[in-house]
Amino acid sequence: MRYAIAIGLLAALLAPLIAHSDSVLAIAIYAFMAASLAVSFNLIFGFTGQLSMFHAASFGVSAYIVTILVTTFGWNFWLAIAPALAVVLILSLIVGTICFRFKLKEFYFAVVTMAFSEVLRLIILNWNGMTNGSLGITVVDRPSLWTPIGNVAISGGVAWYYLTLALLVVVYVVCHGVLSSWIGRCLAAIRLNDQLGETLGIDVFKYKLLSFAIGSVLAGLVGAFYGFYSGFVEPHYLSIPLGLDIIAMVLLGGVGSLIGPVIGAFVLTALPHVIELSAELRIALYGSILVFVILVMPKGIVGLIGSKRNAA
Amino acid sequence: MLDVTDLNVSYGKQKVLRGISFELRQGEVVTLIGPNAAGKSTTLRTLAGLKRSDSGKIAFDGGDMASISTAERVKCGLVLVPEGRQIFPRMSVHENLLMGAYHRSDRDHVEDDIERIFSMFPRLRERSTQRAGSMSGGEQQMLAIGRGLMSRPKLMLLDEPTLGLAPIIIEELGRIIRNLAKEGLAILLAEQNAVMALGCADRAYVLQSGDIVTSGDAKRLSEAPEVKQMYLGA
């Protein structure tokens, strides 16, 4: 698996040399960002067992804060990321503390996080003066990167390709680091049997909160970049359908693995472009894929590859 | 080392423990015997901090336990091996043992401790990489005890360890408990199997509907007519 990931990364690094088409690059860029969201979501969902519906909210809130700081207040893009992530961190700590103190599990946790997420969406939708309401904000600025030859604006497909690839690598490495440390063991214990974990002396509350906060902040990191590539931020970024898309990517790719959600994100981002579909049909396709995956391959694409290899 | 005074616990309106008091000294094996629903598991769960008490004092090693979390109690050296051989069935034996040592700061010595547990339970060493769920009930119980030992406890709370085990395994379990006590570990054993419990304990408390009805030397109790009649089937 390790070699497969290394080869995949190498291929991703070299791909822009061959694929010049802007539309291919754009799909890859969106897929990298979707994959970053899916990987960070899977830390909370797949590895800690908490079905968070707050992921899109973390993503959207951060996207709004960075955009507003840059376009309205004239901040430097990179500087604006810090307060955005700080706000996401605080929000996730508040929501997490409430949910985990009251020991909300499974669907109760999902419903309560969904409610918090909706509250944030409604605030953004109605705070016209700051967020421009349902119209959203158009982003024309481009982040620039300081280099020895001066500031270079990050514009154009190839620059964004490498930037978002780097983003995915950062998210992946952070999650990998968390999961391969002792924290990962504690998260596994909580996922498998949190009462037993508590008996063994694991501070279940603390580790659930830690996982939720890390995952949410990483989603915030993706949000910080997203608006600057897509060119606008809108309340839809915080919506439940976006949260469901992330779940679909994770389920399709493989819940129990780190690389699974990356594969799932690529398939679900590229699929609608490969097969031209209207929005309604796309949702129908998502539904069908989810049903299919749950029935036929509960461990996702990664599980299918793994079992084939084990059988051979 | 453990001093419980006037402990009251209830589930909702149902009173489960009605002001029980008992004590336990270092290296001592004390058993709580009694029928189903007497409050044995509740006592252990309350001591471990998994269940809140209504009132009463739990003093352990000189400190007051009542207000601190389970995690902190484990750090103080008070660990529960829960009922029903709870292990992580999909993890390997080795990983299960690691889970017992998670909070320790001296992680360098964890492998030494695993080695020590393997020499205590040679069957676990043979199955070190095997999935824990694929082992026999007796082996799973040994693993649960071994995992409890990984936290380097001073007092181990054992909840119904003989449940559903073959007589020969139960005998072995009794020997293991005696050996652990010889090394200085205090053990509080909650058991329905009074023969086994009175056979390996120093002292015993008989619990009935949330009250301690009799207590004393385990050997003496096992000969007391009322205990004999009720729990030993004689």
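Note that the structure is predicted; figures quoted are calculated from it, not measured.

Draft legend 1. Local environment of the overall build of chain A. Helices and strands together make up the secondary structure of chain A, namely 13 helices and 4 strands. A compact globule built from 312 residues would reach a C-alpha radius of gyration of about 20 Å, and chain A, at 19 Å, matches this within 12%. Expressed as lengths along the three principal axes of its C-alpha atoms, the size of chain A is roughly 55 × 45 × 45 Å. Out of the 312 residues in chain A, the part that is buried amounts to 44%. Across chain A, the fraction of contacts at a sequence separation of at least 24, relative to all contacts at a separation of at least 6, is 76%.

Draft legend 2. Geometry of the overall build of chain B. If you tally the helices and strands in chain B, you get 10 helices and 10 strands. Relative to a compact globule of 234 residues, whose C-alpha radius of gyration would be 17 Å, chain B shows 17 Å and is just as compact. The principal-axis extents of the C-alpha atoms in chain B amount to approximately 45 × 40 × 30 Å. A burial count over chain B gives 47% of its 234 residues as buried. Pairs at least 24 residues apart make up 67% of the contacts formed inside chain B by residues separated by at least 6 positions.

Draft legend 3. Fine view of helix H7 (residues 157-180) of chain A. Over its 24 residues, H7 of chain A runs 34 Å from end to end, which matches the ideal 34 Å to within 8%, given 1.5 Å per residue. Of the surrounding elements, those touching the buried residues of H7 of chain A are helix H1 (2-18), helix H2 (22-44) and helix H9 (204-230) of chain A.

Draft legend 4. Spotlight on the interface of chain A and chain B. In this complex, chain A contributes 13 residues to the contact, which on the side of chain B involves 17 residues. Across the side of chain A that touches chain B, the residue classes tally to 7 nonpolar, 3 polar and 3 charged.

Draft legend 5. Spotlight on the pairing of strand S6 (residues 78-81) of chain B. All names here are of chain B. Judged by which residues are buried, S6 turns out to be covered on both faces: Leu78 and Leu80 on one side and Val79 and Val81 on the other are all buried. Note: S6 against strand S7 (residues 155-159), 4 bridges, orientation parallel. What sits directly across from Leu78, in S7, is Leu155.

Draft legend 6. Quick peek at the nonpolar core. Met33, Ala35, Ala38 and Val222 of chain A together with Leu157 and Ile187 of chain B are the most contacted members of the largest nonpolar core, which has 165 residues in total. Per element, the largest residue contribution to this core is 15 residues, and it comes from H9 of chain A. Beyond its immediate sequence surroundings of up to four residues, Ala38 of chain A is in contact with Ile246, Met249, Val250, Pro261, Gly264 and Ala265 of chain A.

Draft legend 7. Quick peek at the sheet that holds strand S9 (residues 203-208) of chain B. Residues and elements named next belong to chain B. The 6 strands are arranged S6-S7-S8-S3-S9-S10 in an open sheet whose pairing can be described as mixed. Looking at which strands have only one partner, the edges of the open sheet turn out to be S6 and strand S10 (211-217). Sheet twist, expressed as the average angle between the axes of neighbouring strands with direction ignored, equals 15°. Pairing geometry for S9 and S10, over 6 bridges, is antiparallel. Bridge pairing in S10 links Val206 to Thr214.

Draft legend 8. Broad picture of the environment of Phe292 of chain A. All names here are of chain A. Secondary-structure assignment places Phe292 in helix H12 (residues 279-296). For Phe292, a count of 11 C-beta atoms within 10 Å corresponds to the exposed category. Counting along the chain gives 246 residues from Phe292 to Gly46, while the straight-line C-alpha distance between them is 19 Å.

Draft legend 9. Representation of the environment of Leu180 of chain B. Residues and elements named next belong to chain B. With respect to the secondary-structure elements, Leu180 resides in helix H7 (residues 167-182). With 152 residues separating them along the chain, Leu180 and Glu28 place their C-alpha atoms 9.7 Å apart. Other than its neighbours up to four places away in sequence, Leu180 contacts Leu185 and Ile187.

Draft legend 10. Spatial organisation of the sheet that holds strand S1 (residues 2-11) of chain B. All names here are of chain B. The 4 strands are arranged S2-S1-S4-S5 in an open sheet whose pairing can be described as antiparallel. Unpaired on one side and paired on the other, strand S2 (14-24) and strand S5 (63-64) mark the two borders of the sheet. Here strand S4 (residues 55-60) pairs with S5 via 2 bridges, running antiparallel. Bridge pairing in S5 links Ala59 to Asp64.

Draft legend 11. Summary view of unusual backbone geometry. We note that Asn132 of chain A has phi near 65°; this positive angle belongs to a residue other than glycine. Its place among the elements puts Asn132 of chain A in the loop between helix H6 (128-131) and strand S1 (137-138). Not every positive phi belongs to a glycine, and Asp61 of chain B is a case in point at roughly 55°. Relative to the assigned elements, Asp61 of chain B resides in the loop between S4 and S5.

Draft legend 12. Main features of the packing of H2 of chain A against helix H10 (residues 240-253) of chain A. All names here are of chain A. Close contact between H2 and H10 brings their axes to 9 Å; oriented N to C, the two are set at 80°. When the axes of H2 and H10 are compared, the pair comes out roughly perpendicular. Within the contact between the two elements, H2 uses Ala34, Leu37, Ala38, Phe41 and Asn42 and H10 uses Ile246, Met249 and Val250. In terms of residue class, the contact of H2 with H10 is built from 7 nonpolar, 1 polar and no charged.

Draft legend 13. Structural detail: helix H6 (residues 137-149) of chain B. All names here are of chain B. The terminal C-alpha atoms of H6, which comprises 13 residues, lie 19 Å apart, in line with the 18 Å expected from a rise of 1.5 Å per residue. Where burial is concerned, most of H6 is hidden: 12 out of the 13 residues are buried. All of the buried residues along H6 are Gly138, Glu139, Gln140, Gln141, Met142, Leu143, Ala144, Ile145, Gly146, Arg147, Gly148 and Leu149. For H6, the secondary structure elements touched by its buried residues are S6, helix H3 (93-99), helix H4 (110-120), helix H5 (122-126), S7 and H7.

Draft legend 14. Focus on the packing of helix H4 (residues 77-101) of chain A against H9 of chain A. Residue and element names in this part refer to chain A. Following both chains from N to C, one finds H4 and H9 inclined at 145°, their axes separated by 8 Å at the closest point. Crossing angle aside, the handedness with which H4 passes H9 is right-handed. Of the residues in H9, those in contact with Phe77, Ile81, Ala84, Leu85, Val88, Leu89, Ser92, Leu93, Gly96, Thr97, Phe100 and Arg101 of H4 are Phe205, Lys208, Leu209, Phe212, Ala213, Ser216, Val217, Gly220, Leu221, Ala224 and Phe228. Classifying every residue of the contact of H4 with H9 gives 16 nonpolar, 5 polar and 2 charged.

Draft legend 15. Local environment of the pairing of S1 of chain B. All names here are of chain B. One ladder, built from 8 bridges, connects S1 with S2; its direction is antiparallel. When the bridges of S2 are listed, Asp3 appears paired with Glu23. Taking the residues between adjacent antiparallel strands as the criterion, S1 and S2 are bridged by 2 residues, where Gly12 takes a positive phi near 60°. Direction of pairing for S1 relative to S4: antiparallel, over a ladder of 5 bridges. From the neighbouring strand, Leu2 faces S4, where its bridge partner is Phe60.

Reading the values: the criteria
- Residues numbered from 1 in each chain as written.
- Chains lettered and ligands numbered in written order.
- Predicted model: local features only at pLDDT ≥ 70, side-chain atom pairs only at ≥ 80, totals over all residues.
- Helix = DSSP H or I, 4+ residues; strand = E, 2+ residues; numbered from the N terminus.
- Rg over C-alpha atoms; globule rule 2.2 N^0.38 Å.
- Buried ≥ 20, exposed ≤ 12 C-beta atoms within 10 Å, placed from the backbone.
- Contact = placed C-beta atoms within 7 Å.
- Expected span 1.5 Å × (residues − 1).
- Nonpolar A, V, L, I, M, F, W, Y, C, P; charged D, E, K, R; others polar.
- Pairing = 2+ DSSP bridges.
- Core = buried A, V, L, I, M, F, W, Y, C linked by C-beta atoms within 7 Å.
- Axes fitted to C-alpha atoms, helices over the stretch in contact; angles between N-to-C directions.
- Parallel < 35°, antiparallel > 145°, perpendicular 65-115°, else oblique.
- Left-handed = near helix turned anticlockwise from the far one by under 90°.

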